[in-house]
Amino acid sequence: PRLGRQRIIDRKELSVIYGLILLLLFAACSDEPQPLSLQVFPARLAADARGAEYAEYAAWDTVEFAGRANGQAIAYVVAPEPLITEWNIIACKVADQGGGLKIIAARLNAYASQKMQKFSADPVRLKQPLGLKVGARWVSFTPLLNQVRDRIQLRGLTSGDLQLTF
């Protein structure tokens, strides 16, 4: 019985295969800017989230944030899941905030817009900080102050944060 036709790969085909593998490896290791990883988390001051009545914050992560002004670290508790990420931003504009900092005025997709409207409908949440994380670094903890519709302003980024840009 004939099992099938076996094909022998010649040197030319083998060198093409190796060449493609090397090309893919070099492409994966390029110095092109990586996409911006941006996440916004609900947060609370750690000192405000202690005690039996705040058991809901037990599963939240604790973050030490030094800030920019005096460098003194402040502890925050941060929700395990972000409210929005870079995937929820459909358009943005970057402006100067002053002091070398930048603001991103971002337009949200419908899902994030509804989520943020529901989140910001509670007036207490408007005064609580939101943690802004770029890549693996915490950038700022600032409150919303105003209800969110389909746009949000993200403050406290530097030019270096935006080099991995959209």
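Summary of the structure given here. These numbers were taken from a predicted model, which means no experiment stands behind them.

### Section: the overall build of the protein chain
Along the backbone of the protein chain there are three helices and nine strands. When the elements of the protein chain are put in sequence order from the N terminus, they spell out α-β-β-β-β-β-β-α-α-β-β-β. For the protein chain, with 166 residues in total, the buried portion stands at 33%. Partitioning the contacts of the protein chain with sequence separation of at least 6, the portion at a separation of at least 24 is 61%. Surface exposure of the protein chain reaches about 11600 Å², of which carbon and sulfur atoms provide 56%.

### Here we look at the pattern of salt bridges
Scanning the entire structure with this criterion turns up three salt bridges. Across the pair K102 and D96 runs a salt bridge whose closest N-O atoms are separated by 2.5 Å. Judged by relative accessible area, which is 18%, K102 ranks as buried. One salt bridge connects R151 with D150, and the closest N-O pair in it is separated by 3.6 Å. Owing to a relative accessible area of 28%, D150 belongs among the partly exposed residues under this scheme. One salt-bridge network, in which partners are shared between bridges, spans R107, D150 and R151.

The rules we used
- Residues numbered from 1 in each chain as written.
- Predicted model: local features only at pLDDT ≥ 70, side-chain atom pairs only at ≥ 80, totals over all residues.
- Heavy atoms only, no water.
- Helix = DSSP H or I, 4+ residues; strand = E, 2+ residues; numbered from the N terminus.
- Buried < 20%, exposed > 50% of the residue type's maximum accessible area, 1.4 Å probe, protein only.
- Contact = heavy atoms within 4.5 Å.
- Areas by Shrake-Rupley, 256 points an atom, 1.4 Å probe, with all protein chains shown as cover.
- Salt bridge = Lys/Arg side-chain N within 4 Å of Asp/Glu carboxyl O.

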